[in-house]
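Topology and contacts: notes
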Amino acid sequence: MMGRVNTTTIILVSVAIPIIITVVVLMFARNAMGGGKKKQEQAANLMATGKKARAKILRIDPTGMVINNINIQCWVTFLMEPLDGGGAFQAQKKIVIPQTNMPRVGDMWPAWYSPTDPNLFAVGMPDGASPEQIPIFKEFGIPHPLDKQAAAPEPDDGPVDELQRLAQMKADGLLTDEEFAAAKAKLLGG
């Protein structure tokens, strides 16, 4: 009975895959352009019709605006590397980023841009809790933080490295004195 195929399973899989892809695209659209409905529609349109690129982070410049004591508005400068082999170009976007998911210079995200106006683009910021994003990152040749198969094990940062990172975030104005003290106490087990 090994050769017999359950048609119910095939039908369910063929229906579920497009639904999962649609949900992931909508999640990226929400994260790619921000909260407004018009921006989300614009991002979804770029993801459907735009050209694809890998967006390498060159700079992250906080604007000074902090929302709900955790989200930081930043100007993020990207080096856009088109997947079709076109010439790389720089682009900049204002993004609200949670301090708990702060990207680093050199990080790479999937991006979609308008072929007629490369300054119109959407990026797919990785959400550390969304394994559904892994296939999209693979499509762009970018390792996703949750993709254990593609990611080489990174050395565990020790407390000294983490303290240095926290001190730099405080110096950059990303953490208040209280937030720095709380994070330091947590790190040192106090």
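Here, the structure is the one placed above.
Residues numbered from 1 in each chain as written. Predicted model: local features only at pLDDT ≥ 70, side-chain atom pairs only at ≥ 80, totals over all residues. Heavy atoms only, no water.

Another point: the pattern of salt bridges. Summed over all chains, the structure comprises 5 salt bridges. The residue Lys51 makes a salt bridge to Asp84 at a minimum N-O spacing of 3.0 Å. Taken together, the residues Lys51 in strand E1 (residues 51–67) and Asp84 in the loop between strand E2 (71–82) and strand E3 (89–98) connect sequence positions 33 residues apart. Glu139 is the partner of Lys52 in a salt bridge, and the nearest nitrogen-oxygen pair spans 2.1 Å. Here Lys52 is found in strand E1, whereas its partner Glu139 is found in helix H3 (residues 134–139), with 87 residues between them in sequence. Assessed through its relative accessible area of 32%, Lys52 is described here as partly exposed. (Salt bridge = Lys/Arg side-chain N within 4 Å of Asp/Glu carboxyl O. Helix = DSSP H or I, 4+ residues; strand = E, 2+ residues; numbered from the N terminus. Buried < 20%, exposed > 50% of the residue type's maximum accessible area, 1.4 Å probe, protein only.)

Considering all chains together, one arrives at 4 aromatic pairs under this definition. When the ring of Phe78 is compared with that of Trp109, the centres are 5.7 Å apart and the planes differ by 55 degrees; the resulting orientation is tilted. On the criterion of sequence distance, the pair formed by Phe78 in strand E2 and Trp109 in strand E4 (residues 108–113) is long-range, its members being 31 residues apart. Note on accessibility: Phe78 and Trp109 belong to one class, buried. Between Trp112 and Phe140, the aromatic rings sit 5.3 Å apart at their centres with planes inclined by 80 degrees, giving edge-to-face as the arrangement. Here Trp112, found in strand E4, pairs with Phe140, found in the loop between H3 and helix H4 (159–171); they are 28 residues apart in sequence, far enough to count as distant. One aromatic cluster is present, built from ring pairs that chain together Phe78, Trp109 and Phe121. Seen from the ring of Phe121, Lys93 lies directly overhead, with NZ or CZ sitting 4.4 Å from the centre. (Phe/Tyr/Trp six-rings, centres within 6.5 Å; stacked < 30°, edge-to-face > 60°. Lys NZ or Arg CZ within 6 Å of the ring centre and 35° of its normal.)

We now examine the pairing of E1. Every other side chain in a regular strand lies on the same face of the sheet, so the side chains alternate between the two faces. Alignment of E1 against E4, held across 6 bridges, turns out to be antiparallel. For Ala55, the partnering residue across the bridge sits in E4 and is Trp109. Relative to E2, E1 runs antiparallel, the two sharing 11 bridges. From the neighbouring strand, Pro62 faces E2, where its bridge partner is Cys74. The antiparallel pairing of E1 with E2 creates a hairpin that spans 3 residues between the two strands, and Asn68 there sits at a positive phi of about 55 degrees. (Pairing = 2+ DSSP bridges.)

All right, on to the packing of H4 against helix H5 (residues 177–187) then. One can describe the packing of H4 onto H5 by two numbers: an axis separation of 10 Å at closest approach and a directional angle of 175 degrees. In terms of orientation, H4 and H5 fall into the roughly antiparallel class. Mapping the contact onto sequence places Pro159, Glu162, Leu163, Leu166, Ala167 and Lys170 in H4 and Asp177, Phe180, Ala183, Lys184 and Leu187 in H5. Here the residues of the contact of H4 with H5 are counted per class, giving 7 nonpolar, no polar and 4 charged. (Axes fitted to C-alpha atoms, helices over the stretch in contact; angles between N-to-C directions. Parallel < 35°, antiparallel > 145°, perpendicular 65-115°, else oblique. Contact = heavy atoms within 4.5 Å. Nonpolar A, V, L, I, M, F, W, Y, C, P; charged D, E, K, R; others polar.)

All right, on to the nonpolar core then. Core analysis: the largest hydrophobic core is formed by 24 residues, its most contacted members being Phe78, Met80 and Val123. Breaking this core down by element, the ones donating at least two residues are E1, E2, E3, E4, strand E5 (121–123) and H4. Core analysis: the next-biggest nonpolar cluster, separate from the first, contains 9 residues, Trp112, Ile136, Phe137 and Phe140 among them. (Core = buried A, V, L, I, M, F, W, Y, C linked by side-chain atoms within 4.5 Å.)

Below, the discussion takes up the environment of Met102. Topologically, Met102 is positioned in the loop between E3 and E4. A relative accessible area of 19% places Met102 in the buried class. Distance from Met102 to Ile60, taken between C-alpha atoms, is 9.5 Å for residues 42 residues apart in sequence. Other than its neighbours up to four places away in sequence, Met102 contacts Ile72, Ile97 and Leu174.

By themselves, these are just geometric observations and shouldn't be taken as functional.
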